[in-house]
Structures are given as structure tokens and as C-alpha cells.
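This is what each chain is made of:
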Amino acid sequence: MPDVGINTTMRTDIGLSAPSLYLYDLNRAQLGELLAGWGYSDYHASLVWSALYQQMAPTMAEMANLRDELRQKLAAASHLTPLPIAKQTSSQDGTRKYLLRLADGQLIETVLMPYRGRITACISTQAGCAMGCVFCATGQMGFMRHLTPGEIVAQVIHAQRVLQAEGKTLRNIVLMGMGEPLHNYDHTMTALEILMDHKGIALAPRHITLSTVGVIPGIRRLADEGHPFHLAVSLHAATDAERTALVPPAKKWPLAELIEACHYYVNKRGRRIFFEWALIEGKNDTPEQAHAVGRLLQTLKAHINLIPLNPTAGYGGRPSDAAAIKQFQQILSQYGLPSTVRQRRGIEINAGCGQLRAEVKNET
Ligand code: SAH
Ligand code: SF4
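In this report, the structure presented in the accompanying data block is examined. (Residues numbered from 1 in each chain as written. Chains lettered and ligands numbered in written order. Predicted model: local features only at pLDDT ≥ 70, side-chain atom pairs only at ≥ 80, totals over all residues. Heavy atoms only, no water.)

Regarding the sheet that holds strand E3 (residues 85–90)
Turning to step 1, where the next piece is worked out: Spatial strand order, E3-E4-E5-E6-E9-E10-E11-E12-E13-E14: ten strands in an open sheet with mixed pairing. Looking at strand neighbours, the two that pair on one side only are E3 and strand E14 (339–341), the edges of this open sheet. Adjacent strand axes in the sheet meet at a mean angle of 20° when their direction is disregarded.
Turning to step 2, where the next piece is worked out: Bridge analysis of strand E11 (residues 230–234) against strand E12 (residues 273–279) gives three bridges, and the strand direction is parallel. Directly across from serine 234, in E12, lies its bridge partner glutamate 276.
Turning to step 3, where the next piece is worked out: Taken strand by strand, helix H10 (residues 255–269) contacts E11 and E12, and its axis lies near 145° from that of E12. (Pairing = 2+ DSSP bridges. Helix = DSSP H or I, 4+ residues; strand = E, 2+ residues; numbered from the N terminus. Axes fitted to C-alpha atoms, helices over the stretch in contact; angles between N-to-C directions. Contact = heavy atoms within 4.5 Å.)

Structure, rendered in C-alpha cells:
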């Protein structure tokens, strides 16, 4: 097999001795290189790509558009193993949560959430998370490892297959599952490139949102590279002291520099940034804090998503009540800042970030 530059590093990265390549790890150019090494033209690579991402063939044997010889070569050198479901739950609001098992036994979460007649898949980019946000179930469990591009892509394929069986199509994804996408920058970008490819799954960039805790170098890099999807920044507090208490990486990436990076992004990309704010009763939902956010963001092209806290086992905070949320929103609007209240979906099935994984860990 030719060296396509990604296989060996990727697998040794995560301590696996798997003999073959995970085909979903390759972007279109790398697939072309792999096939070129076997003497096939790029036309054949486009057939394989379409079998992978348009037909979503579950095995090489089912890639009906390929010649036998190529199917066999692919099957000998690579695999397409779907991520098996370790646990599945669904809630009354229609949210479905899947705990998926990776090849080395790590568990990650993928959630399907219905919202205004559309379905959004919430995708993980890491097993665990190194950022340690105190209210977040994933932060509470610590960091296990980065996901490979293929492990990110395979979650979307899982979601597509579930929906296709119901005659539906997945159009929206948010990288708001387990992990910090900008801490796993390269693998996340490769996965998004695969998912947006026009001749594959072809997710529209406007239907993709990447959410970050505020990794400043990553935000600047996104701006410079000109990626077309939406960016959301998890803010949660408007002073460094308050933010550091909730989001430990705020110590390394202070608010003034973060907001400067956001301006840089908006100026370069010409598009709005979404800010997320988990409303915690008595902690970050006061009128003073709403005014502080207003002052901080008023000169930015911004939209604020207010999310009443989803309680987790490792944090004692409670969600804000309706009156506090309404007042917070009204103050933001005085600064010309639009906001939306987003209910966390599937609360009763622990569909908050990392919660199902934490629950299974506690059971065992
Ligand atoms: N690491 C990225 C993306 C994953 S978390 C980030 O932090 O942005 C996705 C969103 O869920 C973030 O805004 C995060 O702050 C929020 N979140 C995590 N745990 C939560 C909880 N218990 N209640 C409400 N929002 C939560
Ligand atoms: Fe990581 Fe995001 Fe959870 Fe913070 S909120 S611990 S960055 S997943």
C-alpha cells in the first residue's frame, strides 16, 4: 500500500495496531493518492468516493459501482467499520442519543435533536476534553484522546443512516458534542472538508456550526484559512475572574484577547459570530452581568445563544428561571445584541454534553 501520509501517524497516535486503514480518515486527495499507488486513475477514486459518501455503502462488497478487483484491493487494505452503539436513549422531545464505541473501546456521544422541523446532529471531536469547564460532564471526565477525521465522519454517517431508514435526510450538524474542536484542529478540518465535499455528503457550510471554548490561535487560524462554516464561542462570563472560575482555559486566553480575535474573525470573514452562554442561577444571570456582556460585544457582529444550565453530577449549579432569562435578554437587546434562548434538548435522557458517557462510567 502506498504511503498516503495519514495512516501510520493516525493509528499509532491512538495506540492501535490495526493492520488496515480506516477509509473514512482520507480526504478526497488522499483517496486519489491511494488509488494512484495501485495504478488506478482519478476517475476510479471518484467512484469510490461516491460509493462511500453518496451511496454510503456499508462494506466494500456493496460498492456496486466498482470492479471486483478494486473492491478486493480496498477490502484488503482498509476497513469501513461502523461505530457500534454501546447505549442508546431517546426522550419525549424526540432527541436521540447514541453512545458509540471506538475501536480502542473509548466511548463518544452523538445526539440527534429535532428542532423546528429539522434534525441537527451533535457531533463529538474528542473522547473527553482537556479544558475542564466545571459545569460540563465531558470536562469533568478529563481528556482521553483526539478523534481521527474518520471517527468524526463516521458519526455523521451513523446519523445519516438512522435518518435515511426513516425517509429523512440530515442537513445540520453542530460540533458541540464531546471535546474541543480547535484542540483537535487538523483532524476536525479534514472531517469537515470530507463532509462538505460536493460530490459526497455535501453538507452546506451554512448548516455547520463549530463551537469553541475560545482557543484564540484556532480562531485566528480559522479566520486566515477562510473556512465557510459558522463559528460559535462559549463565553459564559464577561470578566476574566468569573470566566476563569467556570472555564479554566480562560486563564491562558483572557477575554480582551479573545474578543480581539473575534473582531479579527468577523473582519476577515465578514460574518456574525454566535456566543454561547449557559445561564446558571445566581452565578452569571444577573442584570450587571447582562450589561457587562452588552458592553463587551456591542461593537461585534454577534448573536447570543442563552442556554439554561443542564445540571450535571459534578457541579452544583442550577438553571436560571424564566424571569431572569427574560430580563437578561432584554438588557442584551438594549445593546443591539440579538439573542435566542435554546433549551438543552433531551434533558431527561442526560443528553447534555458528555452526560450519557459519564452515566455509563458510573454504572460500571
Ligand atoms: N468544546 C466546545 C464544544 C462542545 S461543548 C465548547 O465548549 O464550545 C458545546 C456547548 O455546550 C458549549 O457552549 C458548552 O459550554 C455547553 N455546555 C456544556 N455543558 C453544559 C451544561 N451542563 N449546560 C449547558 N451548556 C453546557
Ligand atoms: Fe470541553 Fe466544551 Fe465541555 Fe468545556 S464545555 S469541557 S471545552 S466540551
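Having put the structure on the table, let's press on.
With respect to the site of ligand 2
Turning to step 1, where the next piece is worked out: Inspection of the region around ligand 2 gives nine residues, with Cys129, Met131, Cys133, Cys136 and Gly139 positioned closest.
Turning to step 2, where the next piece is worked out: Within the shell around ligand 2, the residues separate by chemical class into six nonpolar, three polar and no charged. (Near = heavy atom within 4 Å. Nonpolar A, V, L, I, M, F, W, Y, C, P; charged D, E, K, R; others polar.)

A short note on the site of ligand 1
Turning to step 1, where the next piece is worked out: The full set close to ligand 1 counts 19 residues, and Gly179, Ser211, Ser234, His236 and Asn310 are the nearest of them.
Turning to step 2, where the next piece is worked out: Here an oxygen atom of ligand 1 sits 3.5 Å away from a polar atom, N or O, in the main chain of threonine 212.
Turning to step 3, where the next piece is worked out: At 2.6 Å from an oxygen atom of ligand 1 is found a side-chain nitrogen or oxygen belonging to serine 234.
Turning to step 4, where the next piece is worked out: Taking 530 Å² as the accessible area of ligand 1 by itself, protein coverage stands at 96%.
Turning to step 5, where the next piece is worked out: Within the shell around ligand 1, the residues separate by chemical class into eight nonpolar, eight polar and three charged. (Polar contact = N/O pair within 3.5 Å; in protein donor to acceptor, adjacent residues only side chain to side chain. Areas by Shrake-Rupley, 256 points an atom, 1.4 Å probe, with all protein chains shown as cover.)

Some words on the packing of aromatic side chains
Turning to step 1, where the next piece is worked out: According to the stated counting rule, one finds four aromatic pairs in the structure shown.
Turning to step 2, where the next piece is worked out: With 5.4 Å between their ring centres and 85° between their planes, tyrosine 22 and tyrosine 24 make a pair best called edge-to-face. Comparing tyrosine 22 with tyrosine 24, the two get one shared label, buried.
Turning to step 3, where the next piece is worked out: Taking the centre distance of 5.5 Å and the plane angle of 45° together, the rings of tryptophan 277 and phenylalanine 328 count as tilted. Here the residue tryptophan 277 occupies a position in strand E12, and phenylalanine 328 occupies one in helix H12 (residues 322–334), the gap between them amounting to 51 residues. For the pair tryptophan 277 and phenylalanine 328, a shared accessibility class is recorded, and that class is buried.
Turning to step 4, where the next piece is worked out: Through pairs of rings, three or more aromatic residues link up here, namely Tyr22, Tyr24, Trp49 and Tyr53.
Turning to step 5, where the next piece is worked out: Here arginine 220 stacks its cationic end above the ring of tyrosine 264, 4.8 Å away from the centre of that ring. (Phe/Tyr/Trp six-rings, centres within 6.5 Å; stacked < 30°, edge-to-face > 60°. Buried < 20%, exposed > 50% of the residue type's maximum accessible area, 1.4 Å probe, protein only. Lys NZ or Arg CZ within 6 Å of the ring centre and 35° of its normal.)

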